[in-house]
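# Structural characterization, general
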Amino acid sequence: MEFLHKHTYIAKGIAFLLLLYYHMYINSSDYHGFFALTAHSGLYVFVFLSAYGLTRSLGKIEPSFRGTVRWIAQHICNLEFFFWPHFFIGVAIYVFIYKKSMLGYYGSIAKIILEFFCVSDMLGQPHIMGVWWYMGLAITIVALIVLFVKAYKKLGIFIIPITYLIMLIAPGIFRTSGFDRPGPYKGYLLAIALGTVFAGKSYMDRYMKKTAAFSAPKVILLSATYLTAILGLNFLLKVVGDNAVTAFLCFPQAVKTVSAVLLILLAMHLSRIKTAAGALGFIGKLSDDLFIMHMSVIVVLPFSTSFSGIWVVDYFVILALSIAATFLYKKLKALVKYDELTKKICSKIDPKAEYPSRERHLLTR
């Protein structure tokens, strides 16, 4: 048994469902607020899987400076082309809904250009669509993963405590100012380090092989233990609160990183349940575009987040609308052959490189 793309899709499906809940209920003062903070761990699932997949991908290229530069350039090219249609959709929504110009929002053409190339978040610039902030982090991960892989080859698993130490003492160089303001990029370094180590040590493959023969009751008990640990850690985070000590210790980021790894292990268990694996995998395959598109739906149809007064109904209405919008978006892209154009242009950076499939070029291998 191996950790395959279908497992990453299931994990990404879980991660997106959690983030949708997070975006809908993060401002709630009741029990939804606690579960929304717990659901924020879904973001760290994406970061971990990005690092994991990029580490595997980097291991397949020519081990030279030139090959590495081409690899970085090609992945950044993929990210840019991925984002640009979403950028123009966001602009259209902003102009139509708020009746304001882009220049009026950003203040200068230079800032619009920075937004277009996904680097504005690194400079603390706000976005007309909050989820756009992640594009800056995604590009940063591509650039940093080369350093993490080199460090892992020299330090092994000791890269994990060293990365945590760096998180404690390093200044927050890149600081996002998006919708949920998750703070400096350094808060995601531990997830990147774990993704790198897990890929290098093939921990996921080894876990799959070890648990393949487990009986159903044993898998259920193990899954329940993971869920209890996730809720327990986040409850502890809620109890200790947001203060100078927990901030200095990067405790929230550590809790969410550990929770993310446990969520991915849960996804591997769920792969044994055909119905759950199919539904989550379906969402996971759409999650790259769905990650951005769901916020467009919420902005265009804000009443849909609370029109029934029943949170379960509202949640699934937003989910259904987001999936429908993403399908329409993908159909339009296919009609104009946008992905073929992306492949044609980005593959010219390194014609010999294996070009990643559309579903996995952003956040997985």
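As shown above, the structure is provided for reference.
Computed from a predicted model, the values in this text were never measured in an experiment. Sequence order as written defines residue numbering, which begins from 1 separately in each chain. pLDDT decides what is reported in this predicted model: residues at 70 or higher carry local features, side-chain atom pairs at 80 or more are listed and counted, and totals for whole chains, interfaces and linings draw on all residues regardless. Values shown for side chains rest on all heavy atoms present in the structure; no hydrogens or waters enter the calculation.

### What about the nonpolar core?
In summary, soluble globular proteins display a tendency toward joint burial of nonpolar side chains. Condition: Throughout, nonpolar core names a set of buried Ala, Val, Leu, Ile, Met, Phe, Trp, Tyr and Cys residues whose side chains join them through atoms within 4.5 Å. For every residue, the accessible area obtained with a 1.4 Å probe (protein chains only) is divided by the maximum for its type, and the residue is called buried under 20%, exposed over 50%, and partly exposed between those limits. Starting at the N terminus, helices and strands are each numbered in turn, a helix being any DSSP run of H or I of at least four residues and a strand any DSSP run of E of at least two. Whether two residues touch is decided by their heavy atoms; if any such pair falls within 4.5 Å, the residues are in contact.
Ranked by size, the top nonpolar core spans 105 residues in total, and within it Phe 48, Trp 132, Tyr 134, Ile 145, Met 204 and Ile 264 carry the most contacts. The element contributing the most residues to this core is helix H7 (residues 133-155), with 13 residues. Apart from the residues lying within four places of it in its own chain, the contact partners of Ile 145 are Ala 51, Leu 54, Thr 55, Leu 58, Trp 71, Ile 192 and Thr 196.

### Observations regarding the packing of aromatic side chains
Our working rule: Side-chain rings of Phe, Tyr and Trp (the six-membered ring for Trp) are treated as a pair once their centres are within 6.5 Å; stacked means planes under 30 degrees apart, edge-to-face means over 60, and tilted covers the remaining angles. Here, over-ring charges are defined by two tests on the NZ atom of lysine or the CZ atom of arginine: distance to the ring centre within 6 Å, and angle to the ring normal within 35 degrees.
One pass over the structure, following the stated rule, counts 32 aromatic pairs. Their ring planes at 90 degrees and their centres at 6.2 Å tell us that Tyr 25 and Trp 311 sit as a pair that is edge-to-face. Pair noted here: Tyr 25 is in helix H1 (residues 5-25) and Trp 311 is in helix H15 (residues 311-335), with a separation of 286 residues, a long-range link. For the ring pair Tyr 94 and Tyr 98, a centre distance of 5.5 Å and an interplane angle of 45 degrees mean the geometry is tilted. Here the residue Tyr 94 and the residue Tyr 98 both occupy positions in helix H4 (residues 65-98), the gap between them amounting to four residues, near one helical turn. The exposure class of Tyr 94 is buried, given its relative accessible area of 9%. On the basis of relative accessible area, Tyr 98 is assigned to the partly exposed category, the value being 46%. Connected via pairs of aromatic rings, a cluster forms that spans Phe 81, Phe 83, Trp 84, Phe 87, Phe 88, Phe 116, Phe 117, Trp 132 and Tyr 338. One Lys or Arg, Lys 99, reaches over the ring of Phe 96 and ends 4.9 Å from the middle of that ring. One cation-aromatic arrangement involves Lys 218 over Phe 214; the distance from NZ or CZ to the ring centre is 4.1 Å.

### Considerations on the state of the cysteines
Rules: Disulfides are defined in this document as cysteine sulfur pairs within 2.5 Å.
Per the counting criterion, the structure on display carries one disulfide. Residue pairing for Cys 77: its cysteine sulfur links by disulfide to Cys 346, the two sulfurs lying 2.1 Å apart. Here the S-S torsion is close to -80 degrees, and the disulfide linking Cys 77 with Cys 346 is therefore left-handed. Of this pair, Cys 77 sits in helix H4 while Cys 346 sits in helix H16 (residues 338-346), and the two are 269 residues apart along the sequence. Of the two residues, Cys 77 and Cys 346, both sit in the buried class.

### Considerations on the environment of His 75
Examined against the element boundaries, His 75 turns out to sit in helix H4. With 272 residues separating them in the primary sequence, His 75 and Ser 347 have C-alpha atoms 9.9 Å apart. Setting aside residues up to four positions removed in sequence, His 75 forms contacts with Leu 54, Ser 57 and Val 142.

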